[in-house]
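Residue-level structure breakdown
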Amino acid sequence: MAFMEKPPAGKVLLDDTVPLTAAIEASQSLQSHTEYIIRVQRGISVENSWQIVRRYSDFDLLNNSLQIAGLSLPLPPKKLIGNMDREFIAERQKGLQNYLNVITTNHILSNCELVKKFLDPNNYSANYTEIALQHVSMFFRSEPKWEVVEPLKDIGWRIRKKYFLMKIKNQPKERLVLSWFESSVYTFGNGIRLQADLGPDKYLSDKDFQCLIKLLPSCLHPYIYRVTFATANESSALLIRMFNEKGTLKDLIYKAKPKDPFLKKYCNPKKIQGLELQQIKTYGRQILEVLKFLHDKGFPYGHLHASNVMLDGDTCRLLDLENSLLGLPSFYRSYFTQFRKINTLESVDVHCFGHLLYEMTYGRPPDSVPVDSFPPAPSMAVVAVLESTLSCEACKNGMPTVSRLLQMPLFSDVLLTTSEKPQFKIPTKLKEALKIAKECIEKRLIEEQKQIHQHRRLTRAQSHHGSEEERKKRKILARKKSKRSAIENSEEHSAKYTNSNNSAGSGASSPLTSPSSPTPPSTTEHAPF
């Protein structure tokens, strides 16, 4: 499918990372309860919106489910008596709106399945874990050496990517982890349901996609976590890797258990503490080295974050190379779509590296991006890299290259002790397919950034035009214009009166003129009737 072409039936683009916003438009009281009518919008397009109806008990159920995150969320308290009073309903509606604002602006909560199902039940009503388990079980009927031990429920943030603990039957002590991703079904407002492609950035043909997925086990690199087995068809992909008890780099930073749900591990860490300077330097250098390797190979990545970096002793190994082949959007997409200079996959990786470096340094993600000022760091060399990737100037003017980061003082003196030679042979035909797919991914990003930029400008203009200060200015200008118009009208009327008097005076006989003198011809032109 050509870029930005209208997708044919069965090929619908649904980006799970596009933010959902929710506004309570009205409330209606029935016999025993009150319903709140909520307008939900995906992204910036007002056309891409729908209404849902929710009771307070629905909010309460959602809030109970989100308690696993360990956050103090501002749900208005229950009230058994007087909960149908008009004033109370109006006050509760304000509280519920504030609650919606908090969960839709929290980066982790807004992307979780619980919130998506609450706000968009048409597209997120399926039991994804159960569906994945059925497909995985069917697959392994013909692969007798593998056995599914248990689902690893919600350990990742992606709604449609599910994980299972596996074992090899003749090696029962070995533990592996299987990741499964399947295409979704998109429901339109008119009730039509269509099978979507794997991800909105999948531009590879089915044949090239399947070939590249099956190539991943052949990729050998000291800083890539090896894939044991990989296969795919046109609508799903299955990959197996060794299970690592130590978990990811994010698990190390947050002191989390790898098997725990994503919300529990990362939403509200108990201890906020960054890594030692030497760890920051070593891990950062290793990650940059593997990014440079992938870029040199022409392999698009775009999915760097701390949960996609596996820890193996003192070595970082990159995870989930398959995400770009599947066409999945990045964890940080809602951040870098705001900045038009972050418009290539390399600049995306560099910006995401800035997020990761911030977490390694301070033990938590930045509160917002761009970052105006950075807290004290173990070294000014760390701050220099952060400023080059997360500051206002960097986001406005563009990211440095991966090669430039490797040359910065923080990483340039790090000695890497590895003898493993990188290997990843990609046939020429598939390299060309990757190149075209990469260009299409970047074009979609640029188009989305352009739309967001135009929307932001229009919103600012409307906000400025509707502000109290602007309304006062317009009133003052209107009064001045009215006064000026009145003065001009008065002057015009006075001029006409003077001209009229002058005309009347010139029509009388002049004492110096003889009555018998001939009248000179008039030079005044008269408009025809």
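Details of the structure are given in the entry above.
Not measured: the values here are computed from a predicted model. (Residues numbered from 1 in each chain as written. Predicted model: local features only at pLDDT ≥ 70, side-chain atom pairs only at ≥ 80, totals over all residues. Heavy atoms only, no water.)

1. So, the side chain of aspartate 349
By the element assignment, aspartate 349 lies in helix H12 (residues 345-362). No salt bridge is formed by the buried aspartate 349; the nearest opposite charge belongs to lysine 438, separated by 9.3 Å. Within the local environment of aspartate 349, its side chain forms a polar contact with the side chain of histidine 295, the two groups lying 2.9 Å apart. (Helix = DSSP H or I, 4+ residues; strand = E, 2+ residues; numbered from the N terminus. Buried < 20%, exposed > 50% of the residue type's maximum accessible area, 1.4 Å probe, protein only. Lys, Arg positive; Asp, Glu negative; His and termini not counted. Salt bridge = Lys/Arg side-chain N within 4 Å of Asp/Glu carboxyl O. Polar contact = N/O pair within 3.5 Å; in protein donor to acceptor, adjacent residues only side chain to side chain.)

2. Remarks on the nonpolar core
What tends to happen in soluble globular proteins is that the nonpolar side chains get buried as a cluster. Counting residues in hydrophobic clusters, the biggest one holds 114 residues, and the most contacted among them are Leu66, Leu249 and Leu304. With 10 residues, the top contributor of residues to this core is H12. Excluding residues within four positions of it along the chain, leucine 304 makes contact with Ile287, Leu291, Val309, Leu318, Tyr332, Asp349, Cys352, Phe353 and Leu356. Ranked by size, the runner-up nonpolar core spans 12 residues in total, among them Phe140, Met166, Leu176 and Ile240. (Core = buried A, V, L, I, M, F, W, Y, C linked by side-chain atoms within 4.5 Å. Contact = heavy atoms within 4.5 Å.)

3. A closer look at the pattern of salt bridges
According to the stated counting rule, one finds 26 salt bridges in the structure shown. Residue glutamate 25 is joined to arginine 39 by a salt bridge in which the shortest nitrogen-to-oxygen separation is 3.4 Å. Here the residue glutamate 25 occupies a position in strand E1 (residues 20-29), and arginine 39 occupies one in strand E2 (residues 34-42), the gap between them amounting to 14 residues. Looking at arginine 39, the relative accessible area reads 29%, which means it is partly exposed. Here glutamate 322 makes a salt bridge to lysine 161, at a shortest N to O gap of 3.0 Å. Residue glutamate 322 is located in helix H10 (residues 322-326), and its partner lysine 161 is located in strand E5 (residues 161-168); the two are separated by 161 residues in the primary sequence. Relative accessible area serves as the criterion here: at 0%, glutamate 322 is assigned to the buried category. In the salt-bridge network here, residues are joined through shared partners; they are Asp15, Asp201, Arg333, Arg444 and Glu448.

4. Thoughts on the side chain of serine 236
By secondary structure assignment, the location of serine 236 is in strand E10 (residues 236-242). Beyond its immediate stretch of four places on either side in the chain, serine 236 contacts Trp180, Phe181, Glu182, Leu198 and Phe209.

5. With respect to the pairing of strand E3 (residues 49-55)
Side-chain alternation along E3 places Trp50, Ile52 and Arg54 on a buried face and Ser49, Gln51, Val53 and Arg55 on a face that remains uncovered. The pairing of E2 with E3 spans seven bridges and is antiparallel. What sits directly across from glutamine 41, in E3, is serine 49. Here E2 folds back onto E3, and the loop between the two strands holds six residues, one of which, glycine 43, carries a positive phi near 70 degrees. (Pairing = 2+ DSSP bridges.)

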